Amino acid sequence: MSMDLATGLEFVRAHRQGVLVTQKRDGRPQLSNIMYVVDDWGVIRISVTADRAKTKNLERTPLASLHVSRDDFYAYVVLDADVELSAVTTSPDDAAADELVALYRAMVGEHDDWDDYRQAMVRDRRLVARLTPTHAYGMLPGA
């Protein structure tokens, strides 16, 4: 059932885990369990590595859906989104590393060793996928 985008975002914002759906080369869906953060403008951010299937899929087809369900599984929202990928982190002090630090802080809080974290982002070839929702649907009893 279609729903107001603001209602869908409100539900998704109240959670941190979901299933990201991207499109494989053959058109079939690729599903990945992810953690995410929704910023003040409604953009959903996730940390990904450059060599993963979901990243390759998003490079080829920058569209995704995010499925988020309530713990009891009786309510869910799916947000369809346009996707933008940041640059891959190549230096501990580049813009991509800074964005990943901000994402980590929003998801988990402070890290014990930010220098080590930034180095790991370079080693892992991490980047940020930014999902801008365009449509919402799902089932929210009582909404």
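Right, let's walk through the structure included here. Computed from a predicted structure; not experimentally measured. (Residues numbered from 1 in each chain as written. Predicted model: local features only at pLDDT ≥ 70, side-chain atom pairs only at ≥ 80, totals over all residues. Heavy atoms only, no water.)

Focus on the overall build of the protein chain
Stated formally: Secondary structure is summarised from DSSP: a helix means a run of H or I of at least four residues, a strand means a run of E of at least two, and numbering begins at the N terminus for each. Between the two quantities, the radius of gyration covers C-alpha atoms and the globule rule is 2.2 Å times the number of residues to the power 0.38. Each residue gets one of three labels from its accessible area relative to the maximum for its type: buried under 20%, exposed over 50%, partly exposed in between, using a 1.4 Å probe on protein chains only. Here, residues are in contact when the closest pair of their heavy atoms is within 4.5 Å. Surface exposure here means Shrake-Rupley accessible area, sampled with a 1.4 Å probe, where a residue is shielded only by the protein chains that are shown. Note on charges: Lys and Arg go in the positive column, Asp and Glu in the negative column, and His and the chain ends are not counted at all. Throughout, a charge is located at the NZ atom of Lys, the CZ atom of Arg, the CG atom of Asp or the CD atom of Glu.
What the protein chain contains, in helices and strands, is four helices and eight strands. Counting from the amino terminus, helix and strand elements in the protein chain follow one another as β-α-β-β-β-β-α-β-β-α-α-β. Relative to the 2.2 N^0.38 estimate, which gives 15 Å for 143 residues, the radius of gyration of the protein chain is 15 Å and therefore close to what a compact globule would have. Projected onto its principal axes, the C-alpha positions of the protein chain cover 45 × 35 × 25 Å. Across the 143 residues in the protein chain, those meeting the buried criterion constitute 43%. A separation threshold of at least 6 residues defines the contact pool for the protein chain, and within that pool the share at least 24 residues apart is 67%. Carbon and sulfur atoms form 50% of the exposed surface of the protein chain, whose accessible area is close to 8,000 Å². Here the protein chain holds 17 positive side-chain charges and 22 negative ones, and the gap between their average locations is 7 Å.

Describing helix α3 (residues 95-107)
Basically, it comes down to this: Take the number of residues in a helix, subtract one, and multiply by 1.5 Å to get its expected span.
Taking 1.5 Å per residue, 13 residues should reach 18 Å; α3 reaches 18 Å between its end C-alpha atoms and fits that length. Among all positions of α3, only Ala96, Ala97, Glu99, Leu100, Val101 and Leu103 are buried. Here the buried face of α3 lies against β4 (37-38), β5 (44-49), α4 (114-124) and β8 (126-139). Following α3 by one or two positions, Gly109 adopts a phi angle in the positive range, close to 115 degrees.

A short note on the side chain of Asn57
With respect to the helices, strands and loops of the structure, Asn57 is situated in helix α2 (residues 53-60). For Asn57, a relative accessible area of 6% translates into the label buried.

Topic: the environment of Met121
Mapping Met121 onto the fold places it in helix α4. C-alpha of Met121 to C-alpha of Asp72: the two residues are 49 residues apart in sequence and 34 Å apart in space. Not counting chain neighbours up to four residues away, the residues in contact with Met121 comprise Thr89, Leu100 and Arg126.

Topic: the pattern of salt bridges
Put simply, the test is: One side-chain nitrogen of Lys or Arg within 4 Å of one carboxyl oxygen of Asp or Glu is enough to make a salt bridge.
On inspection of all chains with the given rule, the structure shows nine salt bridges. Put simply, Asp39, Arg45, Glu84, Glu99 and Arg130 are held in one network by salt bridges that share partners.

Some points on the pairing of strand β7 (residues 76-85)
The criterion, for reference: Strand pairing is defined by DSSP finding a minimum of two bridges between the two strands.
Here strand β6 (residues 63-69) runs beside β7; their pairing, made up of seven bridges, is antiparallel. Along β7, the bridge assignment pairs Ser69 with Tyr76. Adjacent in sequence and paired antiparallel, β6 and β7 are bridged by six residues, among which Phe73 carries a positive phi angle near 75 degrees. As paired strands, β7 and β8 are joined by 10 bridges and run antiparallel to one another. Across the sheet, residue Glu84 finds its bridge partner in β8, namely Arg130.

Keep in mind that these numbers describe shape and distance, not what the molecule does.
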